[in-house]
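# Understanding the architecture of this molecule
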Amino acid sequence: MYYYLNGEIGYLDLKTAVIDCGGVGYRLTVSLTTSDALSSKVGARVKLYTYLQVKEDGMELFGFRDKDELDCFRLL
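A few words now on the environment of Gly22. Relative to the helices and strands, Gly22 is located in the loop between β2 (16–21) and β3 (24–30). Classification of Gly22 by relative accessible area gives exposed; the value is 82%. Separated by 18 residues in the primary sequence, Gly22 and Ser40 have C-alpha atoms spaced 22 Å apart.

Structure representation (structure tokens):
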């Protein structure tokens with residue numbers, strides 16, 4: 001559904017990033033690799049590739065710093 005999000009990092013911790021895209025904050029679950037890569041960019045514009053997981057008990061949006069990390073996640 002969403003291929004990537006391009007916006008400003010509004011919040012970041014070890015497992016979560018919130019990206020502000022046009023006034024809407026998207027909460028993404030991120031890996032430690034992605035979180036570490038974004039740690040110096042809080043408040044800056046970034047582009048994260050996404051994967052939307054839909055299960056019977058909810059939906060979760062995952063974010064990845066590059067397409068290679070997303071492809072690896074999809075293989076798992």
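Text resumes after the structure shown.
Turning our eyes to something else, we now look at the pattern of salt bridges. Proximity of charged atoms lets side chains of opposite charge pair with each other. Considering all chains together, one arrives at one salt bridge under this definition. Residues Asp71 and Lys67 are paired through a salt bridge, measuring 3.3 Å at the closest nitrogen-oxygen approach. With a gap of four residues between them, Asp71 and Lys67 both fall in helix α2 (residues 67–75), about one helical turn apart. Under the relative-accessibility criterion, Asp71 is labelled partly exposed at 30%. The class of Lys67 is partly exposed, set by a relative accessible area of 36%.

Before going further, it helps to examine the pairing of strand β1 (residues 4–12). Of the pairings in the sheet, the one linking β1 to strand β4 (residues 45–55) comprises five bridges and is antiparallel in character. Following the sheet pairing, Tyr4 is matched in β4 by Tyr49. Both β1 and β2 contribute to a ladder of four bridges, which runs antiparallel. Its bridge partner being in β2, Glu8 is matched across the sheet by Asp20. Linking β1 to β2, which pair antiparallel, is a turn of three residues.

About the thresholds
Residues numbered from 1 in each chain as written. Predicted model: local features only at pLDDT ≥ 70, side-chain atom pairs only at ≥ 80, totals over all residues. Heavy atoms only, no water. Helix = DSSP H or I, 4+ residues; strand = E, 2+ residues; numbered from the N terminus. Buried < 20%, exposed > 50% of the residue type's maximum accessible area, 1.4 Å probe, protein only. Salt bridge = Lys/Arg side-chain N within 4 Å of Asp/Glu carboxyl O. Pairing = 2+ DSSP bridges.

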